[in-house]
Amino acid sequence: MKYQVHYQMTLSAPQLNYLSESKYHKNRMAFFLDLVNSAVLKPTKSQVCGCDETINIGQVEKSEVQLAKDWDCDRKTVSKVIAKMNELGIITTKKSNRTSVHTIHPVAAWIVDNIRIKNPYFRTGYVYNQIREGNFDSTSFMSQLNVDKNGASMNSICDKDSHNGKDSKTFQTLPTIHSIEIFKKREERNSNHSKANEPENIEHGNTDCLQ
C-alpha cells in the first residue's frame, strides 16, 4: 500500500543554512531528513533490550554507531553533526549507556494520508501569536540600502545610454532576503567601525603623564 506523506515544519535561517551546506560530500539535509523519517508516529517501547523507556511521537532512537551506518560516514562526523544540530535547536539528544534518543523540534506535524500527526515537541524560533500577515514595507529600507553591484540581491539590466550611445548597466535593488542580509552586514560593519574610532575616555585624577 502506498501512503501519501507530507511534512509541516519551520526552520530558522541559521538552521536552514547549516543543513543546506555539505562537507566532505556529505549532505546534512539528507541526515536531517533521515531523522525526520525515522521518528515514531505513535508512542513505542524502546527496541533496546533491557530498556524500559518509551519513545514518543517526534523522537528517534538511534545510537551514533547506527547513524554512522545509516549515513555512510564515520562516528566522529556523526558526533559533530548531532552536536551542531543540538546547538541550533534542531534536535535535543538524550544519551544513556544503552541508547540515544533524538527529539525533533522543527517538524510541527507529519501528515499521512490526510491524517495529521502532531509533534508534541515542535518548537519555533519565534512567538507565533506575534506573527501577523502582511506585505513587507520596503520604502525606508530601500532608501537606506546602497546599491552593491557585487551583491547577490541585485538584478542587472542592460540599457542604452542616451548620452554616449554606449551600453551601460543599471542595477536595480530588490526587496529580498539577500538584500536584508546585505543591509544587516553593512549596518554591523558601520557600527563596529564607529566603536573602533571612538576616543578612549581618560579618567580624571592623576594627570602627571599628560603634563
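Residues numbered from 1 in each chain as written. Predicted model: local features only at pLDDT ≥ 70, side-chain atom pairs only at ≥ 80, totals over all residues. Heavy atoms only, no water.

Bringing the sheet that holds strand E1 (residues 5-9) into the picture now. Pairing in this open sheet of three strands is antiparallel, and the strands run E1-E9-E10 from one edge to the other. Lying at the two open borders of the sheet, with one neighbouring strand each, are E1 and strand E10 (115-118). Strand-to-strand twist of the sheet, defined as the mean angle between neighbouring strand axes without regard to direction, takes the value 20°. The pairing of strand E9 (residues 107-112) with E10 spans four bridges and is antiparallel. Paired with Val112 across the two strands is Ile115, which belongs to E10. Against the sheet, helix H2 (residues 28-38) contacts E1 and E9, and its axis sits at roughly 110° relative to E1. (Pairing = 2+ DSSP bridges. Helix = DSSP H or I, 4+ residues; strand = E, 2+ residues; numbered from the N terminus. Axes fitted to C-alpha atoms, helices over the stretch in contact; angles between N-to-C directions. Contact = heavy atoms within 4.5 Å.)

Okay, the sheet that holds strand E8 (residues 100-104) next. Strand order in the open sheet formed by three strands is E6-E8-E7, with antiparallel pairing between adjacent strands. Two strands close off the open sheet at either side, each with one partner strand: strand E6 (59-61) and strand E7 (91-95). Sheet twist, expressed as the average angle between the axes of neighbouring strands with direction ignored, equals 20°. Bridge count for E7 against E8 is five bridges, and the pairing is antiparallel. Following the sheet pairing, Thr92 is matched in E8 by Thr103. Against the sheet, helix H4 (residues 75-87) engages E7 and E8, with an angle of about 125° to E7.

The next subject is the environment of Tyr3. Here Tyr3 shows up in the segment before E1. The spacing of Tyr3 and Asn114 is 111 residues in sequence and 9.7 Å in space, taken between C-alpha atoms. Those residues in contact with Tyr3 that sit more than four places away from it in its chain are Val112 and Asp113.

Once that is clear, we can look at the packing of aromatic side chains. As enumerated under the stated definition, the model contains one aromatic pair in all. Judged by centre distance (4.3 Å) and plane angle (10°), the ring pair of Phe31 and Trp71 falls under stacked. Linking Phe31 in helix H2 with Trp71 in helix H3 (residues 64-71), this pair joins segments that are 40 residues apart in sequence. Note on accessibility: Phe31 and Trp71 belong to one class, buried. (Phe/Tyr/Trp six-rings, centres within 6.5 Å; stacked < 30°, edge-to-face > 60°. Buried < 20%, exposed > 50% of the residue type's maximum accessible area, 1.4 Å probe, protein only.)

Right, let's talk about the packing of H3 against H4 for a bit. The interhelical angle for the contact between H3 and H4, taken along N-to-C directions, is 105°, at an axis separation of 9 Å. One finds that H3 runs roughly perpendicular with respect to H4. Along the contact surface, H3 presents Glu64, Val65, Leu67, Ala68 and Trp71, while H4 presents Arg75, Val78, Ser79, Val81 and Ile82. Per-class residue counts for the contact of H3 with H4 are seven nonpolar, one polar and two charged. (Parallel < 35°, antiparallel > 145°, perpendicular 65-115°, else oblique. Nonpolar A, V, L, I, M, F, W, Y, C, P; charged D, E, K, R; others polar.)

A word on a nonpolar patch on the surface. Together, Tyr3, Val5, Tyr7, Met9 and Leu33 give the surface a local cluster of nonpolar side chains, amounting to about 450 Å² of exposed area. In terms of residue count, E1 provides more of the nonpolar patch than any other element does, three residues in total. Here Val5 is to be found in strand E1. For Val5, a relative accessible area of 43% translates into the label partly exposed. (Patch = residues over 30% accessible without salt bridge, like charges linked within 9 Å, V, L, I, M, F, W, Y side chains within 5 Å. Areas by Shrake-Rupley, 256 points an atom, 1.4 Å probe, with all protein chains shown as cover. Salt bridge = Lys/Arg side-chain N within 4 Å of Asp/Glu carboxyl O.)

Generally speaking, soluble globular proteins have nonpolar side chains that are buried together. In this structure, Phe32, Leu35, Trp71, Val78, Met85, Ile91 and Ile104 are the most contacted members of the largest nonpolar core, which totals 21 residues. The set of elements that each furnish at least two residues to this core consists of helix H1 (13-20), H2, H3, H4 and E9. In contact with Trp71, not counting residues within four places along its chain, are Lys26, Phe31, Asp34, Leu35, Val78, Val81 and Ile82. (Core = buried A, V, L, I, M, F, W, Y, C linked by side-chain atoms within 4.5 Å.)

To continue, consider H4. For H4, built from 13 residues, the straight-helix expectation of 18 Å at 1.5 Å per residue is met to within 8% by its first-to-last C-alpha distance of 18 Å. Taken as a whole, H4 has its buried residues at Val78, Val81, Ile82 and Met85. The buried residues of H4 occupy one face: seen down the axis, they fall within an arc of 95°. In this structure, H4 carries Lys76, Lys80 and Glu87 as exposed residues pointing more than 90 degrees from its buried face. In this structure, the buried residues of H4 make contact with H1, H2, H3, E7 and E8. A side-chain oxygen of the first residue of H4 lies 3.1 Å from the backbone nitrogen of Lys76; this N-cap is Asp74. Just downstream of H4, Gly89 is the residue with a positive phi angle, here 80°. (Expected span 1.5 Å × (residues − 1). Arc of directions from axis to C-beta. Polar contact = N/O pair within 3.5 Å; in protein donor to acceptor, adjacent residues only side chain to side chain.)

Bear in mind that shape data such as this cannot, by itself, settle questions of function.
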